[in-house]
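Chain by chain, the residues:
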Amino acid sequence: MSKATFNPTKFNQSGNTPFASILEKRISRRDVMVRGGSGMAALGLMGSFGLTGCSGDNNNGETQSFAEALNFSPIPGSKTDAVAVADGYTAQVLAPWGTPLNRMANEWQDDGSNTSIDQENAVGMHHDGMHFFPIEGSSTDGLLVMNHEYIDRLALHSDAEISANGTTSRTDTPISAEYVRKQINAHGVSVVRVKLEGDQWVVVEGDEHNRRFTGASEMDLSGPLSGSAVTPYSLDGTKARGTLNNCGNGYTPWGTYLTCEENWPGYFYVEDGKASDDQARIGLSSGAWYNWYVMAGDATEVNGEFTRFNVTPTGASETEDYRNEANGHGYIVEIDPYNPNSTPVKRTAMGRFRHEGVAFGKLVEGQPISFYSGHDARFEYIYKFVSDALWDPADANSSDRLATGAKYMDEGTLYVARFDVEGNGAWLPLTMDSPTLDGQTLGDHFDSLAAIILNTAGAADFVGATPMDRPEWTAVDPVTGTVYLTLTNNTRRTEETNAANPRLDNAFGHIVRWDDDEEGDTFVWDIFVFGSAEKEVVKDEEGNITGFGAAIDADVNRSGLTDMTQFASPDGLVFDPRGIMWIQTDNGAEEVAAYTNDQMIAVIPSQLKTEGDDYETITAENQAELKRFFVGPNGCEVTGLAYTPDYTSFFVNIQHPGNWPYSSDAAQETPDGVSVRPRSTTVVIRKVDGGTIGA
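None of these values were measured; they are calculated from a predicted model.

## A look at the pairing of strand β13 (residues 257–261)
Buried residues dominate β13, accounting for five of its five residues. Neither face of β13 is open: one carries Tyr257, Thr259 and Glu261, the other Leu258 and Cys260, and all of them are buried. Here four bridges tie strand β12 (residues 246–251) to β13, and the two strands are oriented antiparallel to one another. In the strand pairing of β13, Gly250 is matched with Leu258. Counted between consecutive antiparallel strands, the loop separating β12 from β13 contains five residues, among which Gly255 sits at a positive phi close to 90 degrees. Bridging between β13 and strand β14 (residues 332–335) involves four bridges; their strand directions are antiparallel. Within β14, the residue paired with Leu258 across the bridge is Glu334.

## Quick notes on the sheet that holds strand β4 (residues 89–94)
The strand order β4-β35-β34-β33 describes an open sheet built from four strands, whose pairing is antiparallel. Two strands close off the open sheet at either side, each with one partner strand: β4 and β33 (637–643). Looking at each pair of strands side by side, their axes are set apart by 30 degrees on average, direction ignored. The pairing of β33 with strand β34 (residues 649–655) spans six bridges and is antiparallel. Looking across to β34, one finds that Leu641 is bridged to Val652.

## A word on helix α5 (residues 177–186)
Across the 10 residues that make up α5, a large majority, eight, are buried. Buried within α5 we find Ala177, Tyr179, Val180, Lys182, Gln183, Ile184, Asn185 and Ala186. Those residues of α5 that are buried are in contact with α2 (116–120), β6 (141–148), α3 (153–156), α4 (159–165), β7 (188–197) and β9 (211–213). Gly188 sits one or two positions beyond α5 and adopts a positive phi of about 105 degrees.

Scoring rules and cut-offs
- Residues numbered from 1 in each chain as written.
- Predicted model: local features only at pLDDT ≥ 70, side-chain atom pairs only at ≥ 80, totals over all residues.
- Heavy atoms only, no water.
- Buried < 20%, exposed > 50% of the residue type's maximum accessible area, 1.4 Å probe, protein only.
- Helix = DSSP H or I, 4+ residues; strand = E, 2+ residues; numbered from the N terminus.
- Pairing = 2+ DSSP bridges.
- Axes fitted to C-alpha atoms, helices over the stretch in contact; angles between N-to-C directions.
- Contact = heavy atoms within 4.5 Å.

Laid out in structure tokens, this is it:
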């Protein structure tokens, strides 16, 4: 999630009991995830995984070994125009923004002069979520699929274009159709064939698998909302154009990529007072970020390519204007990277909101698949989609991957989470007969399941879901099946404090975790770790930070973090199959930012156990189990993580760096006095001795 593009307006006006108030009642029991002394293992979640460090079955039924310890020494914070990585590791720049994918694209130019056609055929801007899909199981050859969240206008365009635009603010005033097309084409997703040649990874330019999905690419709509996006372009309402603000991601057991549309409402304009209920609830307004709609009517416009970003009703019906254009956005999008002729599908049954990542739960043959996703906005909710279809391990080897996706992601039930006191919670179904807080049902407020899905957040308001502190990425521990989710911060909490979050303007965030019961309608939960700085900052009379002072109060630093473990705004979250959890940050707290740039920290949650075999949270006594592995360059967000099957190469994305990269060596600092056009990029981390990373 980008700090630069997030709309802080609070759209949730439900008044539902906030997570902060619930957590206040729960905090005294947060040390161990125990219910009646039984612990998580009593929930039957260990399955065939056995004890940590032993062999077990991963989600695809393959035998694996779990990590027992991290094998690197943690590093201090870093504040340079370079990455820092643990000793014994190297960091290489790979596939930066603008890298050509085929012969339609010219080489990237450092003066911003590349065209919209170049951008349509080159790696997009502001890398984010990512996954590695091996070719025939290889760890040296595969498809790197990555999201591109948003754009930096000053880097994307030439100085002449910016000068002609007349503004350097984020709110844009488009100057030509070409100008807008270049921005649209910088969004979306890239599929990139990469290979290891010697000790360097390279992009295979011109490979048939290389593809770009942009803000204009045609996509299919499936599930309850198929047919709802009737526009002059799609008269049957089954097609959507483009995918926007692609932030977190996921993948499926059958080998497809899931990209998540996060802050997409900011791309559409609706005249004040003309927004429908679902548009107003999700945040569409007259304050469109890039104002692409103002190029409507340009002599070169094709099929309403700019007009569609104005969703104000102007015609006699939906076939005469683009009032329904936004109905095609806000979903989890499935992409088959292995089939270069396939069309992405927006899986609408999984909910329409600001998706920030998605992860499937532990797979059990003959049982449904659960997918978990958070709505990244302050005071918003956590969701679960449960398939009607029961998991068949044979589908892991499906040759028609999108058909398999339809099987598990087009039919099912969407739930929203309510976090109750004493560490318990409930999954509330969003169906027509679901009871609402006013004594009615959702069927009394909506005329169809499609209407519920269209206004997912509004339906969640009615049933009494728990507003959270910006739910971001979800990840599932392969050892225990426990689901973890980052709550990155909530700097708009100004009305109350509580024992769990006693700070007003809370910029530190935390990570919540839970386990569903066997029936799947309730869960138990606790807080795994609270982000915090170790010390307060000291400022001069002008407000400039000059150093560090007293220790942060223990009521704030609840996990007892030190300078070697402090972090703020946990965002990206990934478990590798060995059970190592990698936490990435998008820092929003000056106390941590003064010490270090955004970072990536590792920990093995399943190794934190009490004598009674219960699973611990992070405390002052065990906080050293968190180990800082990687730090990004100045100005960046560290986000997105992928790895080869043998764990010898890790891919990490660097988004919106300030003055970097200077060379192909990601750890080489940009020299003093040298300015480079910043490029978001993937960094490949490898061990000097060629061994496995992390454990």
